[in-house]
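Observations on the model geometry
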Amino acid sequence: AEKKGRVEFRDVTFKYPGAEAPVLSNISFTAEPGKTLAIIGSTGAGKTTLVSLLPRLYDVASGEVLLDGVPVTEMDSSEITSRVSAVPQKPYLFSGTIEHNLRFGKPDATDEELWEALETAQAKGFVEEKSSGLNRRIAQGGTNVSGGQRQRLSIARALVTKPNVYLFDDSFSALDVATDARLRKALKGKTKDATVIIVAQRVSTIADADEILVLDNGRIVDRGTHDELLETSPTYQEIVES
Ligand code: DCP
Ligand code: MG
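Residues numbered from 1 in each chain as written. Chains lettered and ligands numbered in written order. Predicted model: local features only at pLDDT ≥ 70, side-chain atom pairs only at ≥ 80, totals over all residues. Heavy atoms only, no water.

**Here we look at the sheet that holds strand β12 (residues 219–224)**
For clarity, the cut-off: Think of it this way: DSSP has to see at least two bridges between two strands before they count as a pair. Strands here mean DSSP runs of E at least two residues long; helices mean DSSP runs of H or I at least four residues long; both are numbered from the N terminus. Orientation is described by axes fitted as lines to C-alpha atoms, over the contacting stretch for helices, and by angles from 0 to 180 degrees between their N-to-C directions.
On the basis of which strands lie adjacent, the open sheet formed by 6 strands has the order β6-β9-β10-β3-β11-β12 and mixed pairing. In this open sheet, the two edge strands, each paired with only one partner strand, are β6 (84–87) and β12. Between one strand axis and the next, the sheet turns by 15° as a mean value, whatever way the strands run. Relative to strand β11 (residues 211–216), strand β3 (residues 36–40) runs parallel, the two sharing 4 bridges. Among the inter-strand pairings, Ile-40 is bridged to a residue of β11, identified as Val-214.

Given below as structure tokens:
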């Protein structure tokens, strides 16, 4: 069967409600199953806004966002959430056990599936280190775990749902470079059939992506692989050097 999870943005323009100026203009790209698309750009460039349009946190002003050829505006929100897993820039953990937090998107997941997701997300050791294990209590907002642990639990939660599309919004920034690299390697093995879209700050996180979009002031100013952008994109070079 054909792999699912093809994401297409067609000439998308977006304004926040009440705002005058668009924060995204003429955004067009395709992200394919089995591939990793990365988005990089300075703070305020519109990266989070861009990835929020697929799960329809907002709807576009003009243009179209399609999932496997179907405009997301024509899909049920439950269908979108079952097929697209987003790890938000500020991951949200709620008051309850680790198990509750992990099962959020897939209540019937087995313990084995939870542990597998934790292993991929490099969070297995952290959960195993206390005898309460999966029953360990998380405080509202995840305030009793570190930022990096919150990110990894949130990544594990996304993995549990086994979606067609993963959106990682700056999900690796609180991790040290070695953990970041281990996590992405493990992730690659588990997301072979899925479409992976990664928003990143660090070039090292996305250097091996199949395509990188360089976003500046709401527009895609350059696109290509890491090696291509090093040759052709002054904006990318600036990010590399920063
Ligand atoms: N913006 C807004 N209303 C919101 C969210 C954002 O008006 N609810 C504005 C702020 C920025 C622009 O939209 O001018 C783009 O914001 P993003 O959060 O999309 O920017 P990034 O994700 O690229 O920034 P960062 O790297 O800081 O996460
Ligand atoms: Mg952002």
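Structure shown, so let's carry the discussion forward.
**Structural notes on unusual backbone geometry**
Selection rule: Only protein chains enter the area calculation, which uses a 1.4 Å probe; residues under 20% of their type maximum are buried, those over 50% are exposed, and those in between are partly exposed.
If you check the backbone angles, Asp-11 has positive phi at about 50° while not being a glycine. Mapped onto the fold, Asp-11 is located in strand β1 (residues 7–14). Here Asp-11 falls in the partly exposed class, since its relative accessible area comes to 41%.

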